[in-house]
Amino acid sequence: MFSSAKQLAYRKGKYGTSRLEHLQALVTEFQDTEDQGAKEQILANLANFAYDPINYENMRNLNIIDLFLDMLTEESETLVEFGMGGLCNCCIDPLNATTIIENKGVELIIKCLSSANEETVLSALTTLYYLSSEAKKEISAPVVIETLKLYSTCAIPRLRNASRILLDVLFLLKLFNINLKHEIYFRSSTTS
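Below is a summary of the structure that appears in this document. None of the values given here were measured: they were computed from a predicted structure. Each chain has its residues counted from 1, following the order in which its sequence is written. For this predicted model, a pLDDT threshold of at least 70 governs which residues receive local features, and a threshold of 80 or more governs which side-chain atom pairs are given and counted, while totals over whole chains, interfaces and linings are taken from all residues. Just so you know, side-chain values use all the structure's heavy atoms and leave hydrogens and water out.

**Observations regarding the side chain of Ser-163**
- Segments assigned H or I by DSSP are reported as helices when at least four residues long, segments assigned E as strands when at least two residues long, and all are numbered from the N terminus. Residue position: Ser-163 is located in helix α12 (residues 157-176).
- Among the polar contacts listed, one links the side chain of Ser-163 to the backbone nitrogen of Ser-152, at a separation of 3.0 Å.
- Working rule for contacts: check all heavy atoms of both residues, and any pair within 4.5 Å makes them a contact. Setting aside anything within four residues of it in sequence, one finds Ser-163 in contact with Leu-125, Leu-148, Tyr-151 and Ser-152. Whenever a nitrogen or oxygen atom comes within 3.5 Å of another N or O atom, the pair is scored as a polar contact, on the condition that within protein one atom can donate a hydrogen and the other can accept it, and that pairs from neighbouring residues in sequence are kept only if both atoms are in side chains.

**Here we look at the packing of aromatic side chains**
- Between rings of Phe, Tyr and Trp, where Trp is taken as its six-membered ring, a pair exists when centres lie within 6.5 Å; planes separated by under 30 degrees are stacked, by over 60 edge-to-face, and by other angles tilted. Applying the stated criterion across every chain yields a total of 1 aromatic pair.
- Relative to Tyr-130, the ring of Tyr-129 has its centre 5.0 Å away and its plane inclined at 75°; by these criteria the two rings are edge-to-face.
- The buried label goes to any residue with under 20% of its type's maximum accessible area, the exposed label to any with over 50%, and the partly exposed label to all in between, with areas taken from a 1.4 Å probe on protein chains only. Of the residues examined, Tyr-129 reaches a relative accessible area of 24% and is grouped as partly exposed.
- On the accessibility criterion, Tyr-130 (23% relative accessible area) is partly exposed.

See the structure below:
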């Protein structure tokens, strides 16, 4: 659910923790803990916060997007899944998309297409869709197109449909040499 600043202030109460402080505490706990299960749970929480545009500025300030990118190279498939999910949840924002692209995220996301985890692959396909206009050269590489073609005929409907949509977008980008903007308009975080 998307939040407004007024809603957050009401839920926080007079003595509650701000969203920035809460996110900072999660990041610190993630970095300090050695417990794999705790890391997975914290990363899942951070990925869930990535849904709400009101969190985007705090996420960028706390380098949470970089944390998500770092998780894509982890051995734990669960950490990869939640890291990829976090990127998928926040990549619709142009500043977040720029952060992902500038930090070599497209290459890492493309590698996630070979994951055995369906959720990881679906999040990767969706993220590549939202980044396709700004990173069309990398996403249109022959090896990526071949992978998308394989998924477009697979038995799993979600993967098949997502890959077909991405192939269609890449075709349009190439055919018309245009930049598509995949925009969703959010209410301002200052709106009540």
